[in-house]
Amino acid sequence: MKMEHHCKTQCRGHFRHRVLSDLKPGQSAVICDLCGCGGCKRRLLELGLLPGQEILVERVGPFGEPIGIKVRGYHLSLRRGQAQGVCLEDDRHTEGSAQA
Amino acid sequence: MKTTVTPKGRHRLDFMKEPIIALAGNPNAGKTTIFNGLTGGHFHVGNYAGVTVETREGFVELGGKRYRLVDLPGIYSLTAQSVEERVARQFLMEARPEVVLAVVDAGNLERNLYLVTQLMELNLPLVLILNMMDEVEEKGWVIDVDAMEERLGFPVVGTVGSRREGIDAIKAAALRATDMPQRGEHVHFCASLEAEIEALLPRIKRLENNPFPLRAAAVRLLEGDGELEPQLTLEDPQLSEALESARSRIHEATNHDPDLLAADARYGYSAGLVKECVKKADPVSRLDASERIDSVLMHPVFGLPIFFAIMYLVFWMTFQLGEWPMRGLEMMFGAAKLGLTAIWPEGFSPLLLSVLKDGVLGGVGGVVVFVPNIMILFFCMSVLEQSGYMARATFLMDGFMHRIGLHGRSFIPMVMGLGCSVPAIMAARAIDNPKDRLATILSLPLVPCGARLPVFLLLVPAFFAEAWQGAVMFLLYFTGIAMAVLVAFLLRRVVFTGGLSHFVMELPPYRRPGWKGLGRYTWHMGALYLKKAGTVILFFSVVLWGLANFPQVGEAERAEIRATYGESISPEEEATHLARIQLERSILGQVGHAVEPVFAPAGFDWRISTAVLGAVAAKEVFVAQMGVIFSIETQGEDSDLSQVLHESYSVPAGFAVVFFMLLTFPCLSTLVVTYKETHKLRYPILQFAALFGLAYLVAVVLFQVLSFFSG
Ligand SMILES: Nc1nc2c(ncn2[C@@H]2O[C@H](COP(=O)(O)OP(=O)(O)OP(=O)(O)O)[C@@H](O)[C@H]2O)c(=O)[nH]1
Ligand SMILES: [Mg+2]
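Residues numbered from 1 in each chain as written. Chains lettered and ligands numbered in written order. Predicted model: local features only at pLDDT ≥ 70, side-chain atom pairs only at ≥ 80, totals over all residues. Heavy atoms only, no water.

1. Quick notes on the packing of aromatic side chains
All names here are of chain B. Across all of its chains, the model carries 27 aromatic pairs over all chains by this definition. Look at F599 and F692: their rings are 6.4 Å apart centre to centre, the planes differ by 90°, and that puts the pair in the edge-to-face class. One end of the pair, F599, is in helix α26 (residues 587-599); the other, F692, is in helix α32 (residues 682-709), with 93 residues separating them in the sequence. The partly exposed category is assigned to F692, whose relative accessible area is 26%. Judged by centre distance (5.9 Å) and plane angle (15°), the rings of F655 and F659 are stacked. Taken as a pair, F655 and F659 lie in helix α30 (residues 651-663) at a separation of four residues, close to a single helical turn. No difference in accessibility class separates F655 from F659, as the two residues are buried. Members of the aromatic cluster, connected to one another through ring pairs, are F599, F604, F660, F665, F688, F692 and Y696. Lying over the aromatic face of F59, R66 brings its terminal NZ or CZ to 3.9 Å of the ring centre. A cation over an aromatic ring shows up here: R392 above the ring of Y510, its NZ or CZ 4.1 Å from the ring centre. (Phe/Tyr/Trp six-rings, centres within 6.5 Å; stacked < 30°, edge-to-face > 60°. Helix = DSSP H or I, 4+ residues; strand = E, 2+ residues; numbered from the N terminus. Buried < 20%, exposed > 50% of the residue type's maximum accessible area, 1.4 Å probe, protein only. Lys NZ or Arg CZ within 6 Å of the ring centre and 35° of its normal.)

Written as structure tokens, this is what we have:
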């Protein structure tokens, strides 16, 4: 439980960046860093969510969760808590139909 | 390597027998499909991550030599998080296969090659299998297989597993890999990471319990490996500290953690390889077919209603379409009973006639008639699995699962549980949080499995008017599933609390189910059901028949009847009374009467009480037993068991029985698999006791309340 809390807050606290869970369906952005607890961050790294990578939010599940994204040409879904550990680069091409 | 999983202990003993070839790769890359192609096997495949959860073995002949081919659960990396991933990692490390066939989804190369960069560090002969080449072609991409082989230094082959194309090429490549000199191609990390790796090597070299090659071990330790580090620290107590300071040196130099740096280098390598060897079609911004289907099926508003409609359709087909062949079979068994009596030689062993008619046809027949419904159910489930919709349904339900505190992956076992609890409990291996997994395993038997279908199909028409039957069926399924969710929720909140529940899941493209495979699978499930009917159910039917017919009544009872009803009683009436007395005074009757007081508050008479106890062996035994008892009682005349039941029991009693059978204790196989998966005797015992208690309570309350209202 404590870890989950840690996992959620780190990104915002440290960098004051936008995070993946802030994006709306159709929006895309570039990852700038990943934070959060070991296992949770590790899995995302393995799946190719790395700094510099562009991601597109495709849809959000009916209960506000999970978040469905497209990254490196494939589709992935993750929960809000994890998406909060994915920090995004500011500004530039936020809106738009750019494919991840 | 000490882990809590022992998928199959016998690997350890069998290592020396034949050389091993292992299939490794990302989940859903087509490993099992390739395995089936190489061995001629028919193991279950499905279009979502985590279908295979245990190692499977078969044999292949290569160059006149026999190899054991092992299919492993899919993994995203060698860092294991869930049980099935640990199974795969442990196998690769301990069995040290002769060749590793790395299966990748060629349409999703960048991600799939990440694992391959890790496999390359294991210094095992490798073959890269680019599967799903048909989808690559469809996209208009061209992969230069030769260039890739040149770059990697080990054989690369393109295949279409689902059409069994490229199987011979795999065999040739595997042979080539065994005598190809290893070039030791590997990923180069950034300077500060490489420096720390170099510094660690001499230290690791001294350790004896390190299952990895040196360089691989060093990288894993720096990245952080939850299994390797504690294991090596036992030998070298200062190792953890050394690693910690190495990590902080790296962080200082680069401002990043080593795990991120390593992943970055690996993805850099894989992206470079793709760039060099794959010619992608011009990037079109239109949606591909899967994305277009998803915009409907995963619609934020209509997605869930569509899901429920699909599930409704599955059950409509199971009940309604299954009804006609079922009636046909029922008539056949009825006719067989009459025919048997008609041709039976007068005076020839009536006891043998009875065991055939009442025991075999009455008991086994009662179960066999439902085989069409079972096959339809499994067919539909398989279509859901193979098309890729299962992953979508999981997506749609995940928000709900999270709210009740469950892992998103718990959903797939729960859907599979509608078929059979045993594979569903195994499928729970894919849940990476052990507490979520336990809560799921323990609550799964509440999901109404396929074996409860015959029970419902027998009881519901017996106790409820035609117009109500559909609603009652719905209520039954709803109650079962709701109970399972509720129990899982409570377990998670009260007993197995804590632990992270994060959940990432890949959504594969939709794929057309292979009709041949579907047909084979459906037939296989039907055959399994028939086999059960022909073995377990047959055995119990005959035993029950015996218990219900001995000790035999005779002249004394006949005299008794005459004394009560007078000498003028007709032979038919006398036979009826005699049959009833026979049942009452048999061993079964006596046992039944002994336990009757226990079940009396739920409105069960001695016949139902014994049938309920018989269901411990398998749920269908309930049906078989009712068949045997009533076949004896009606002397095999009435073939419609539902009708007989209808005349024998009140509606409140009917409600109580149906709900008891819905919630009742899991069958033996479920208890055994629960024990195997948890390694603790207390869990199956808990399951048994708790579910029995719950079912009993619900049945008593239902019966008492309904009796009260119906006067
Ligand atoms: N189009 C296409 N589909 C394929 C091919 N090979 C396999 N499939 C399908 O891909 C899906 C996944 O296949 P599996 O063999 O179950 O994959 P796996 O790697 O064993 O998956 P896990 O056991 O979950 O790790 C199934 O629906 C197969 O029918 C192929 O070459 N082309
Ligand atoms: Mg598989």
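2. Things to note about the coordination of the magnesium ion (ligand 2)
Residues and elements named next belong to chain B. At 1.9 to 2.0 Å from the magnesium ion (ligand 2) lie its protein donor atoms, namely T32 (OG1) and T52 (OG1). With T32 in helix α2 (residues 31-39) and T52 in the loop between α2 and β2 (56-62), this pair connects stretches of sequence that are 20 residues apart. For T52, a relative accessible area of 8% puts it in the buried group. (Donors = N, O, S within 2.8 Å, 3.2 Å for Na, K, Ca; no water.)

3. Let's talk about the interface of chain A and chain B
At the interface, 37 residues of chain A touch 45 residues of chain B. Taking both partners together, chain A and chain B bury about 3,800 Å²; carbon and sulfur atoms supply 55% of that area. Considering only the side of chain A, the residues that lose the most area to chain B are R42(A), F63(A) and R79(A), jointly responsible for 20% of the buried surface there. A salt bridge links D259(B) to K41(A); the shortest N-O distance between them is 3.4 Å. Our count for the chain A to chain B interface comes out at 20 residue pairs in polar contact (both at pLDDT 80 or more). (Contact = heavy atoms within 4.5 Å. Buried area = accessible area lost by both parts, 1.4 Å probe. Salt bridge = Lys/Arg side-chain N within 4 Å of Asp/Glu carboxyl O. Polar contact = N/O pair within 3.5 Å; in protein donor to acceptor, adjacent residues only side chain to side chain.)

4. Remarks on the sheet that holds strand β5 (residues 74-78) of chain A
The strand order across the open sheet built from seven strands is β1(A)-β6(A)-β2(A)-β3(A)-β4(A)-β5(A)-β9(B), with neighbouring strands paired in antiparallel fashion. Looking at the sheet topology across the chains shown, the edges are occupied by β1 (18-19) of chain A together with β9 (504-506) of chain B. Bridge count between strand β3 (residues 54-60) of chain A and strand β4 (residues 67-71) of chain A: five bridges; the pairing is antiparallel. Note on β4(A): the bridge partner recorded for V57(A) is I69(A). (Pairing = 2+ DSSP bridges.)

5. Structural notes on the domain arrangement of chain B
All names here are of chain B. For chain B, the assigned domains are domain 1 (3-179), domain 2 (191-279), domain 3 (303-449 + 473-498) and domain 4 (533-709). Measuring from the centre of the C-alpha atoms in domain 1 to the corresponding centre in domain 2 gives 25 Å. The interface is formed by 28 residues belonging to domain 1 together with 21 residues belonging to domain 2. For the pair domain 1 and domain 2, the summed buried area comes to about 2,400 Å², and 58% of that belongs to carbon and sulfur atoms. On the domain 1 side of the interface with domain 2, the three residues burying the most area are R89, E121 and R151, jointly 28% of the side's total. Inspection of the region where domain 1 meets domain 2 yields four salt bridges. Across the pair R89 and E227 runs a salt bridge whose closest N-O atoms are separated by 3.8 Å. The interface formed by domain 1 and domain 2 includes seven residue pairs in polar contact (both at pLDDT 80 or more). Among the secondary structure elements, those contributing two or more residues to the side of domain 1 that touches domain 2 are α3 (83-95), α4 (109-120), β6 (142-143) and α6 (145-152). Sort the elements by how many residues they give to the side of domain 1 that touches domain 2 and α4 lands first, with eight residues. For the side of domain 1 that touches domain 2, a count of residues per class yields 14 nonpolar, six polar and eight charged. (Domains from an automatic or database assignment. Nonpolar A, V, L, I, M, F, W, Y, C, P; charged D, E, K, R; others polar.)

6. With respect to the sheet that holds strand β5 (residues 126-131) of chain B
Two orientations exist for strands paired in a sheet by backbone hydrogen bonds: parallel and antiparallel. Residue and element names in this part refer to chain B. Spatial strand order, β2-β3-β1-β4-β5-β7: six strands in an open sheet with mixed pairing. Across the chains shown, the open sheet's two edge strands, defined by having one partner strand only, are β2 and β7 (156-158). Each strand of the sheet is rotated relative to its neighbour by a mean of 25°, with strand direction disregarded. Bridge analysis of β2 against strand β3 (residues 65-71) gives seven bridges, and the strand direction is antiparallel. Looking across to β3, one finds that G58 is bridged to L69. Set on the sheet, α2 makes contact with β1 (20-25), β2, β3, β4 (99-105) and β5; between it and β2 the angle comes to about 50°. (Axes fitted to C-alpha atoms, helices over the stretch in contact; angles between N-to-C directions.)

7. Describing the site of ligand 1
Residue and element names in this part refer to chain B. Taken together, 25 residues are adjacent to ligand 1, and K31, T32, T33, V51 and T52 come closest. Between ligand 1 and the protein, one listed contact pairs an oxygen atom with a side-chain N or O atom of T32 at 2.7 Å. At 3.2 Å, a backbone N or O of G46 approaches an oxygen atom of ligand 1. Summarising the interface, the protein chains cover 95% of the accessible area of ligand 1, which totals 660 Å² for the free molecule. Of all the secondary-structure elements, those providing two or more residues to the shell around ligand 1 are α2 and α5 (133-139). (Near = heavy atom within 4 Å. Areas by Shrake-Rupley, 256 points an atom, 1.4 Å probe, with all protein chains shown as cover.)

8. Considerations on the pattern of salt bridges
Per the stated rule, a full pass over the model turns up 35 salt bridges over all chains. The partner of K70(A) in a salt bridge is E291(B), with the nearest N and O atoms 3.0 Å apart. Residue K70(A) is located in strand β4, and its partner E291(B) is located in helix α13 (residues 289-297); the two belong to separate chains. Assessed through its relative accessible area of 9%, K70(A) is described here as buried.

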